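Given next are the chains, with one letter for each unit.
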Protein chains: 2
Amino acid sequence: MPGSTQEVATLVKTCAAMHVAIVPQGGNTGLTGGAVASGDRPAVLLNLSRMNRIREIDAANNSLTAEAGCILANVREAADAQERQFPLLLGSVGSCEIGGLVSTNAGGTGVLRYGSMRELVLGVEAVLPDGSVWDGLRALRKDNAGYDLKQLFIGAEGTLGVVTAAVLKLFPRLSVCATAMMALSGVQQAVDLLRFMQGQVGNRIEAFEILSHRQIEIVLEHGHGLQSPMALEAPFYVLMELADSSPQWDAGAELERKLEAALERGLVLDAVVASDGAKADRIWALRHNISESNKRAGFTVSNDTSVPISRLAQFIPLVTGRIEQQVEGASVCHAGHIGDGNIHVIAVLSRALYTTPEQCEAAAARVNLIVHEASVELDGSISAEHGIGRMHVERLERFKAPIELQMMRAVKAAFDPQGLMNPGKILRAG
Amino acid sequence: MPGSTQEVATLVKTCAAMHVAIVPQGGNTGLTGGAVASGDRPAVLLNLSRMNRIREIDAANNSLTAEAGCILANVREAADAQERQFPLLLGSVGSCEIGGLVSTNAGGTGVLRYGSMRELVLGVEAVLPDGSVWDGLRALRKDNAGYDLKQLFIGAEGTLGVVTAAVLKLFPRLSVCATAMMALSGVQQAVDLLRFMQGQVGNRIEAFEILSHRQIEIVLEHGHGLQSPMALEAPFYVLMELADSSPQWDAGAELERKLEAALERGLVLDAVVASDGAKADRIWALRHNISESNKRAGFTVSNDTSVPISRLAQFIPLVTGRIEQQVEGASVCHAGHIGDGNIHVIAVLSRALYTTPEQCEAAAARVNLIVHEASVELDGSISAEHGIGRMHVERLERFKAPIELQMMRAVKAAFDPQGLMNPGKILRAG
């Protein structure tokens, strides 16, 4: 747990000299095992959590420089104190750290409007595999002076070096917002509704999340008393938030007007607008309690795939049908980010049917393969936002074109010829 | 001039076998000589203009797949026909091509709202230096399945391979807009005005361009009858456009209201709102005629630097003072993209004083060095949007940290070990 970039550099240099592998770790909230030592060779677990200083906030430049160990919630608070916002938002906001968010190109619910972490990073400081320090902490909106090297470290999951700090983009703080829950007859209607709303309110759509009927049922059954603000009679529900920095924009009135138009066009079957913040929180609680509720409902196999948005309406019934046919007793739920083409396909397996770890593992492998195959068939990705980590290395080898794996190995070899940085993550250890 | 990706591949493979260098070229509109054969070794000039097909438009996915030779204006029109927009916009819109725009990570006036080309590219197809074809034409908003290899080709100026096609992001078409010209007392006021407007209208600011008093004077003097809609008594002027896809948003009324508030706060000295499209066009003509007018005014030395936005107010007087002190008879103008921290510092030199090519070159070198030194002093970049090309290779070597040059060379060597792809551009030829 080094406390400074210099200490990271000394440690990495020592490891390089001794040929000892390094596994960088932040808040340890990743979902694919990227920050976990794999156990097949000795490695130093390099945890960045002590490097938790916000080095600078430049409000006039709308930028903030944070060390790798800064927790996301703290960065968001620091931006807020300067009447700015840092828009990245995901479930682990209270424990995930900037270094890990950069290294995994984190997504979440704000991607539709603000982009993934890659779009939110202006500069990176990293310790290279030989222990030298690269200070790429530039705070520029435009910089075409040579290759944009920070792109290599964003999403590399610590395999090319250790990200020790980053310059982040800030945005004007939002001053108005309004939330609605809508019932829809299908996935295509959700895509059409999104395009209709974008045409009506531009990019004031702060969030646009879909949940399947079965998913909300599970949340209501296992969510410790959560309630739905509307009767549940439709196959899909969308939670939408409009927000704007313009204090004069009447978000609630605009939302109601647009929903009326959407109802008239048949895009929406029914809608409820939250009349105050507490009611909005209750709507969002349905979304935020998915993971916990699913765990209580059974053995959960969750997936993180993406397809072109135009293929979502094909993808969802396809995977649902295949899982239900091929995996006994699987209840398939869907939740995700329609605007990013990113759907979490979740199979909940009854613990009465799946009793041993071996049975669970076999079912999980079956579900994952079905979902990955379907996403690749429809020109999608086997990992939309969670990354490859240790979990999907073999899957990546199976589905990526050989030329692409070769290019990835060329990059890895150019930066980490000894193969000491997070070995066995993304790519099979050399 | 190959007509297909396969023809490009055949050509590159042949060149690789024969150790012949390749210089990729698109619309040949670059400003730093990146698409020009350097003459110090034999090279094949590989022009992509015949590959000008739009392969696919997926309106529901807000994406468009264009071959490298597609002219920007044609891509914008194709998007418009689907009620979408492709927002990249720069002076050479009628002749620049997608492959070059990707390869130079092009900027322009839309960056403030939509980002540079890097943010607008979802996928890339490229022919690698050995002649193999990488099909990275994914149309996904989220894809964390391994390294994001397309980032390597964006902004690499053809030194790592030949970009043959790209998947581009589309956006909802705008339906309302309003334009104003404002007089300001200084650069800091322009930055403050931008932040004030962002707080008021969020990211409905479509353009926010600054011009110095001297720059407008030159445009009026040499712009073939162009006129200013307002008296010229302030040191700086801002041209601003608000636009929105929401047809109900009254752009003109909002603009007037916000400008009144800005006047009250002392951010703006005076303002004129264009009451119709023709008047807006006349305001924008002042901006678009800068290059032509400056050329008529004298020998022009133009620069393309960026600094953090918070340092613009320091940067502009600094370079102006140094140039005026150190370069005889230089008239310094400024025009640029305040919201990106990107200012074009333009020295216009009297042709009466600078008569020989040698005198002009010496003066240009002096001006460039002053501007580059000042931008680096203030943590800026020597090339904000034009790239390095052939022109700034030595300058890059002088100002980049050795570790960064070393990383860039490692990337180059990993992909192009023979050094055949656009040699001598960005990096000195091996």
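For clarity, every value in this text was computed on a predicted model and none was experimentally measured.

**Considerations on the overall build of chain A**
Here comes step 1: When its secondary structure is counted, chain A shows 15 helices and 17 strands.
Here comes step 2: The globule rule puts the C-alpha radius of gyration for 430 residues at 22 Å, and the 22 Å found for chain A is close to it.
Here comes step 3: Each of the three principal axes of chain A carries a C-alpha extent, and together these read 65 × 55 × 40 Å.
Here comes step 4: Taken over 430 residues, chain A has a buried fraction of 59%.

**Topic: the relation of the copies chain B and chain A**
Two copies of a chain can be linked by a rotation about an axis combined with a shift along that same axis.
Here comes step 1: With an RMSD of 0.0 Å, the fit of chain B onto chain A corresponds to turning through 180° and sliding 0.0 Å along the axis. Taken together, the rotation angle and the small translation identify this as a two-fold axis.
Here comes step 2: Residue by residue, 99% of the interface of chain B is reproduced at the interface of chain A, so both copies engage with the same surface.

**Comments concerning the environment of Gly387 of chain B**
Here comes step 1: With respect to the helices, strands and loops of the structure, Gly387 of chain B is situated in the loop between α13 (357-377) and α14 (393-399).
Here comes step 2: If sequence neighbours within four positions are ignored, Gly387 of chain B has contacts with Asn144 of chain A together with Thr32, Glu157 and His392 of chain B.

**A look at the packing of helix α12 (residues 312-326) of chain B against α13 of chain B**
Residue and element names in this part refer to chain B.
Here comes step 1: Viewed as axis vectors pointing N to C, α12 and α13 meet at an angle of 150°, and their least axial separation amounts to 10 Å. Between α12 and α13, the crossing angle belongs to the class labelled roughly antiparallel. Judged by the twist between their axes, the crossing of α12 over α13 is right-handed. Facing α12, whose interface residues are Phe315, Leu318, Val319, Arg322, Ile323 and Gln326, α13 presents Arg366, Val367, Ile370, Val371, Ala374, Ser375 and Glu377.
Here comes step 2: Grouping the amino acids of the contact of α12 with α13 by side-chain chemistry returns eight nonpolar, two polar and three charged.

**Overview of the interface of chain B and chain A**
Here comes step 1: At the junction of the two partners, chain B supplies 86 residues and chain A supplies 85 residues.
Here comes step 2: Between chain B and chain A, roughly 6,200 Å² of surface is buried when both sides are summed, and carbon and sulfur atoms account for 55% of that area.
Here comes step 3: Per-residue buried area on chain B facing chain A is highest for Lys142, Asn144 and Tyr147 of chain B; these three make up 16% of the total on that side.
Here comes step 4: At the boundary of chain B and chain A, one finds ten salt bridges.
Here comes step 5: Inspection of the region where chain B meets chain A yields 52 residue pairs in polar contact (both at pLDDT 80 or more).
Here comes step 6: When residues of the side of chain B that touches chain A are traced back to their parent elements, those giving at least two are α5 (117-120), β7 (133-136), α6 (150-153), α7 (187-201) and α15 (402-415) of chain B.
Here comes step 7: Of the residues belonging to the side of chain B that touches chain A, the class tally is 36 nonpolar, 30 polar and 20 charged.

**Here's the deal with the sheet that holds strand β8 (residues 162-169) of chain A**
Residues and elements named next belong to chain A.
Here comes step 1: The strand order β3-β4-β8-β6-β7 describes an open sheet built from five strands, whose pairing is antiparallel. Unpaired on one side and paired on the other, β3 (54-58) and β7 (133-136) mark the two borders of the sheet. Strand-to-strand, the axes of this sheet are offset by a mean angle of 10°, without reference to chain direction.
Here comes step 2: Where strand β6 (residues 121-127) meets β8, six bridges bridge the pair, whose relative direction is antiparallel. Within β8, the residue paired with Val124 across the bridge is Ala166.
Here comes step 3: Helix-sheet contacts for helix α1 (residues 5-18) involve β3, β6, β7 and β8, and the interaxial angle to β6 is about 45°.

**Details of the environment of Gln198 of chain A**
Residues and elements named next belong to chain A.
Here comes step 1: Of note, Gln198 is situated in helix α7 (residues 187-201).
Here comes step 2: Its relative accessible area of 11% is what places Gln198 among the buried residues.
Here comes step 3: In this structure the C-alpha to C-alpha distance between Gln198 and Tyr114, which are 84 residues apart in sequence, comes to 14 Å.

**Observations concerning the pattern of salt bridges**
Residues and elements named next belong to chain A.
Here comes step 1: In total, this model carries 48 salt bridges over all chains according to the counting rule given.
Here comes step 2: One salt bridge connects Asp276 with Lys279, and the closest N-O pair in it is separated by 3.8 Å.
Here comes step 3: Residue classification places Asp276 among the partly exposed positions, given a relative accessible area of 36%.
Here comes step 4: One continuous salt-bridge network, built from bridges that share partners, spans Arg53, Arg55, Glu67 and Glu125.

**Some remarks on α15 of chain B**
Here comes step 1: Look at α15 of chain B: 20 Å from first C-alpha to last across 14 residues, which is about the 20 Å you get at 1.5 Å a residue.
Here comes step 2: Buried within α15 of chain B we find Ile403, Glu404, Leu405, Met407, Met408, Val411, Lys412 and Phe415 of chain B.

**Points about the sheet that holds strand β6 (residues 121-127) of chain B**
All names here are of chain B.
Here comes step 1: With antiparallel pairing, five strands are arranged side by side in an open sheet as β3-β4-β8-β6-β7. Strand pairing shows two members of the sheet lacking a second neighbour, β3 (54-58) and β7, which therefore form its edges. Sheet twist, expressed as the mean angle between neighbouring strand axes with direction ignored, is 10°.
Here comes step 2: Summarising the sheet, β6 and β7 pair through four bridges and their orientation is antiparallel. Residue pairing for β7: Glu125 is matched across the bridge by Asp135.

**So, the domain arrangement of chain A**
Residues and elements named next belong to chain A.
Here comes step 1: By domain assignment, chain A separates into domain 1 (5-172), domain 2 (176-290) and domain 3 (298-377).
Here comes step 2: Look at where the C-alpha atoms of domain 2 and domain 3 centre, and you get two points 24 Å apart.
Here comes step 3: Contacts between the two partners involve 17 residues from domain 2, matched on the other side by 16 residues from domain 3.
Here comes step 4: Of all residues in domain 2, Val187, Val191 and Ile210 bury the most surface against domain 3, accounting for 32% of the area lost on that side.

**Focus: the UniProt feature "domain: FAD-binding PCMH-type" (unreviewed entry) in chain A**
Here comes step 1: Per the UniProt record, "domain: FAD-binding PCMH-type" (unreviewed entry) is found at residues 1-173 of chain A.
Here comes step 2: Overall, residues 1-173 of chain A shows 24% helix and 25% strand. The separation of its end C-alpha atoms is 34 Å.

**Observations concerning the packing of α7 of chain B against helix α9 (residues 251-264) of chain B**
Residue and element names in this part refer to chain B.
Here comes step 1: Close contact between α7 and α9 brings their axes to 11 Å; oriented N to C, the two are set at 140°. As far as their axial angle goes, α9 and α7 are oblique. By crossing handedness, the relation of α7 to α9 is classed as right-handed. Two secondary-structure elements touch here, α7 through Leu193, Phe196, Met197, Gln200 and Val201 and α9 through Lys258, Ala261 and Ala262.
Here comes step 2: Broken down by class, the residue content of the contact of α7 with α9 amounts to six nonpolar, one polar and one charged.

What counts, and at which threshold
Starting afresh in each chain, residues are numbered from 1 along the sequence in its written order. Whichever chain is written first is A, and whichever ligand is written first is 1; the rest continue in order. Totals for whole chains, interfaces and linings use all residues, but because this is a predicted model, local features are given only for residues with pLDDT of at least 70 and pairs of side-chain atoms are given and counted only at 80 or more. Working from all heavy atoms in the structure, the side-chain values ignore hydrogens and water. For the purposes of this entry, the term helix denotes a DSSP run of H or I that reaches at least four residues, the term strand denotes a run of E that reaches at least two, and both are numbered from the N terminus. Just to be clear, the radius of gyration here is over C-alpha atoms, and the globule rule we use is 2.2 Å times residues to the power 0.38. Throughout this description, buried means an accessible area under 20% of the type-specific maximum (1.4 Å probe, protein chains only), exposed means over 50%, and partly exposed covers the range between. Copies are brought into register by a least-squares superposition over C-alpha atoms of residues with pLDDT of at least 70 in both. Any pair of residues with heavy atoms lying within 4.5 Å of one another is described as a contacting pair. Here an angle of 0 to 180 degrees is reported between the N-to-C directions of two axes, which are lines fitted to C-alpha atoms, with helices fitted over the stretch in contact. Roughly parallel here means an angle under 35 degrees, roughly antiparallel means over 145, roughly perpendicular means 65 to 115, and every remaining angle is called oblique. Helix crossings are classified by the rotation of the near helix relative to the far one: an anticlockwise turn of less than a right angle makes the crossing left-handed, while a clockwise turn makes it right-handed. Residue type decides the class: Asp, Glu, Lys and Arg count as charged, Ala, Val, Leu, Ile, Met, Phe, Trp, Tyr, Cys and Pro as nonpolar, and the leftover types, Gly among them, as polar. Throughout, buried area stands for the accessible area (probe radius 1.4 Å) lost by two parts on being put together, summed over both. Each salt bridge in this description consists of a side-chain nitrogen of Lys or Arg and a carboxyl oxygen of Asp or Glu lying within 4 Å of one another. N or O atoms closer than or at 3.5 Å make up a polar contact, with two conditions inside protein: a donor-capable atom paired with an acceptor-capable one, and, for residues adjacent in sequence, both atoms drawn from side chains. Between any two strands, pairing holds if DSSP finds at least two bridges. Given the number of residues in a helix, its expected span is that number minus one, multiplied by 1.5 Å. What fixes the domain bounds is an automatic or database domain assignment. UniProt positions are given in the numbering used here, feature names are shortened, and annotations may be inferred rather than shown by experiment.

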